Structures are given as C-alpha cells and as structure tokens.
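Residue-level structural notes
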Amino acid sequence: MQETPSPGRARVLLVEDDPAIARTVCYALERDGIAVQHSLQLADARAQWRAQPHDALLLDVGLPDGNGLDWCRELRAAGSAVPVLVLSARGEEMDRVLGLELGADDYLSKPFSPRELVARTRALLRRARHFAAAAPTQPGGVFSIDAQGQRVHMHGLPLDLTRREYQLLRCLLERPGRILSREFLLDSVWGQDSESTDRTVDTHVKTLRAKLRALAPRQDFIATHRGMGYSLNLPD
C-alpha cells in the first residue's frame with residue numbers, strides 16, 4: 001500500500017504484518033493528510049528506509065522476520081532521530097518501558113483507536129519539526145547547537161548526549177534563566193501521551209548535569225528550583 005506524497009506532506013512508514021490493521025491505519029493517516037508507505041516485513045521496511053527516509057516510523061513488535069524494537073535500537077545506535085511509535089499487542093508495563101528505553105518515542109497497545117493513533121503521530125511529527133528548526137543563538141557562546149545533526153557543543157567540544165538529553169538541553173537553552181516545570185519538560189521532550197513521569201525528567205537532568213560538569217567542573221549550568229522545576233543559567 002503506497003501513495004506518492006504531495007510536496008510538503010509528512011511521510012510515514014508503517015511496518016505491520018496484519019493487513020486489516022494496516023488498511024485501517026493507512027486510511028486514517030491518509031485521510032488526515034499524511035502520506036503512508038506500508039511494509040509487511042522488516043526487510044522490506046529497511047529497503048524503503050534506505051531508499052528514502054521517512055518523517056516517522058510506526059513499528060509493530062512481532063513481525064514475521066524480526067522484532068520492530070530491534071530495528072528501533074539499531075536506528076538509534078546509528079544516530080537516527082526519526083520519531084518512532086511502537087504498535088504492539090503487548091500492553092504490559094515492562095514491554096512499554098522496554099520499548100521506550102530502546103529509543104521509541106511512544107507506545108500504543110492494540111487494539112487502539114485510529115483517531116488516537118493519528119493524534120499521537122501528529123504529536124510526534126510536531127515535536128520532530130520543533131527540534132529540527134534553526135538552532136537558537138546563545139549569549140556568551142558557551143553552547144552551540146547543530147540542529148541538523150542533533151548535537152550540542154560546549155566550549156567548542158562535542159557533548160556525548162542521548163537523543164533525550166539533547167532535546168532536554170535544547171529545551172533549556174531556548175529559554176535561558178526561565179524556570180521550566182517538570183510538566184512542561186515532559187510535554188516538550190517526551191510528549192503528553194508518553195509513559196514517562198516526573199522521575200524520568202529528574203533522571204535525565206541528573207545525567208545531563210553530570211556530562212556538563214565533566215567539561216566544566218566549576219560551573220553548574222542547571223539549577224534545581226524545589227517544587228518548581230529547572231532552569232539553565234548561562235554566564236554573563
């Protein structure tokens with residue numbers, strides 16, 4: 001099932017081995033203006049991805065020739081930041097957590113509402129466009145952002161960040177000095193529909209803070225405001 005997209009339309013690759021589910025998903029997304037390519041197996045999906053990367057991936061977990069989460073992990077290891085929504089009949093908490101830890105952006109258990117799937121896909125695409133936008137100029141020149149490569153340099157040195165750490169730091173850099181609540185950071189980086197919690201934000205702030213201190217031991221860029229959230233403080 002394949003459609004030639006119009007210029008400017010978002011392109012989504014659906015990897016789903018159930019034809020009935022695939023037809024429903026394709027119809028719902030295309031009706032909402034999103035171009036969809038459909039693959040029944042991972043091998044075909046990989047070939048389509050190599051031919052032309054898509055704006056988002058919708059991955060089933062149990063496929064005839066492999067596990068969608070394995071491909072998600074490979075894409076993240078290769079540096080790809082493409083948004084990934086996992087579709088799976090496995091709705092247990094541990095399965096959702098595993099999918100998110102392997103790099104998925106969201107997780108939707110079957111059976112699901114086509115309307116909810118479209119809404120979650122749209123949310124992923126919006127966040128991806130936001131983080132791909134032109135990088136903000138930072139006073140003091142401490143940080144520089146390579147939006148295309150999704151990398152941040154600090155004092156000219158590259159930071160070894162995960163995708164979520166990059167998005168979190170960028171969110172803080174775009175609003176220097178402002179106190180950002182955990183709820184705001186969750187929505188901006190993980191999205192409202194994710195399985196993440198306030199503790200997820202705290203954990204990522206802790207690892208991000210450690211990486212910044214490794215390059216600047218005497219500077220604490222991220223300030224904690226008890227009961228309020230976090231802010232990023234840049235030197236005058």
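Preceding this section is the structure that the text describes.
Here we summarise the structure given alongside this text. (Residues numbered from 1 in each chain as written. Predicted model: local features only at pLDDT ≥ 70, side-chain atom pairs only at ≥ 80, totals over all residues. Heavy atoms only, no water.)

**Brief notes about the pattern of salt bridges**
- Tallied over the full model, the rule gives 14 salt bridges.
- The salt bridge involving Arg164 is made with Asp105; its shortest N-O contact spans 3.6 Å. On the criterion of sequence distance, the pair formed by Arg164 in helix α6 (residues 163–173) and Asp105 in the loop between α4 (93–101) and β7 (106–109) is long-range, its members being 59 residues apart.
- We classify Arg164 as buried; its relative accessible area is 10%.
- On the basis of relative accessibility, which here comes to 5%, the residue Asp105 falls in the buried class.
- Here Glu116 makes a salt bridge to Arg120, at a shortest N to O gap of 2.7 Å. With Glu116 and Arg120 both in helix α5 (residues 114–132), this residue pair falls four residues apart, about one helical turn.
- Residue Glu116 is classed as partly exposed on the basis of its relative accessible area of 33%.
- Given the relative accessible area of 10%, Arg120 is considered buried. (Salt bridge = Lys/Arg side-chain N within 4 Å of Asp/Glu carboxyl O. Helix = DSSP H or I, 4+ residues; strand = E, 2+ residues; numbered from the N terminus. Buried < 20%, exposed > 50% of the residue type's maximum accessible area, 1.4 Å probe, protein only.)

**Comments concerning helix α1 (residues 19–31)**
- Between its terminal C-alpha atoms α1 stretches 18 Å, which fits the 18 Å expected from 13 residues at 1.5 Å a residue.
- Two to three positions downstream of the cap, the backbone nitrogen of Ala20 sits 3.0 Å from a side-chain oxygen, assigning the N-cap of α1 to Asp18.
- Backbone geometry just downstream of α1 places Gly33 in the positive-phi region, at approximately 95°. (Expected span 1.5 Å × (residues − 1). Polar contact = N/O pair within 3.5 Å; in protein donor to acceptor, adjacent residues only side chain to side chain.)

**Details of helix α8 (residues 198–215)**
- Given a rise of 1.5 Å per residue, 18 residues ought to cover 26 Å, and the 27 Å separating the end C-alpha atoms of α8 matches this to within 8%.
- Buried residues of α8: Thr200, Val201, His204, Val205, Leu208, Arg209 and Leu212, and no others. Buried residues of α8, viewed axially, fall in a sector of 160°; they line one side. In α8, the exposed residues that point more than 90 degrees away from the buried face are Arg199, Lys206 and Ala214.
- For α8, the elements touching its buried residues are β8 (143–146), β9 (151–154), α6, α7 (182–190), β11 (222–225) and β12 (229–232). (Arc of directions from axis to C-beta. Contact = heavy atoms within 4.5 Å.)

**Considering the sheet that holds β8**
- An order of β8-β9-β10 is seen for the three strands of this open sheet, with the pairing classed as antiparallel. The open sheet is flanked by β8 and β10 (157–158), the only strands paired with a single partner.
- Sitting on the sheet, α6 is in contact with β8 and β9, with an inclination near 125° to β8. (Pairing = 2+ DSSP bridges. Axes fitted to C-alpha atoms, helices over the stretch in contact; angles between N-to-C directions.)

**Describing the pairing of β12**
- Here β12 shows no split at all, with Gly229 and Ser231 on one side and Tyr230 and Leu232 on the other all buried.
- When β11 meets β12, the two strands line up antiparallel, connected through four bridges. The partner of Thr224 across the bridge, within β12, is Tyr230.
- Remark: three residues form the turn of the hairpin made by β11 and β12, two consecutive strands paired antiparallel; Gly227 in that turn has positive phi of roughly 80°.

**Considerations on the sheet that holds strand β1 (residues 11–15)**
- Read from one edge of the open sheet, five strands run β2-β1-β3-β6-β7, paired in parallel fashion. Of all the strands in the sheet, just β2 (35–39) and β7 have a single pairing partner and so form its edges. Across the sheet, the mean angle separating the axes of adjacent strands is 20° when strand polarity is ignored.
- As judged from the four bridges shared by strand β3 (residues 56–60) and strand β6 (residues 84–88), these two strands associate in the parallel manner. Across the sheet, residue Leu59 finds its bridge partner in β6, namely Val86.
- Running over the sheet, α1 touches β1, β2 and β3 and is turned about 165° from β2.
- Contacts from helix α3 (residues 68–77) reach β1, β3 and β6 within the one sheet, and its direction differs from that of β3 by about 145°.

**Things to note about the environment of Leu124**
- Looking at the element boundaries, Leu124 is found in helix α5.
- On the basis of relative accessible area, Leu124 is assigned to the buried category, the value being 3%.
- Filtering out sequence-adjacent residues up to four positions away, Leu124 remains in contact with Pro83, Val84, Leu85, Asp105 and Asp106.

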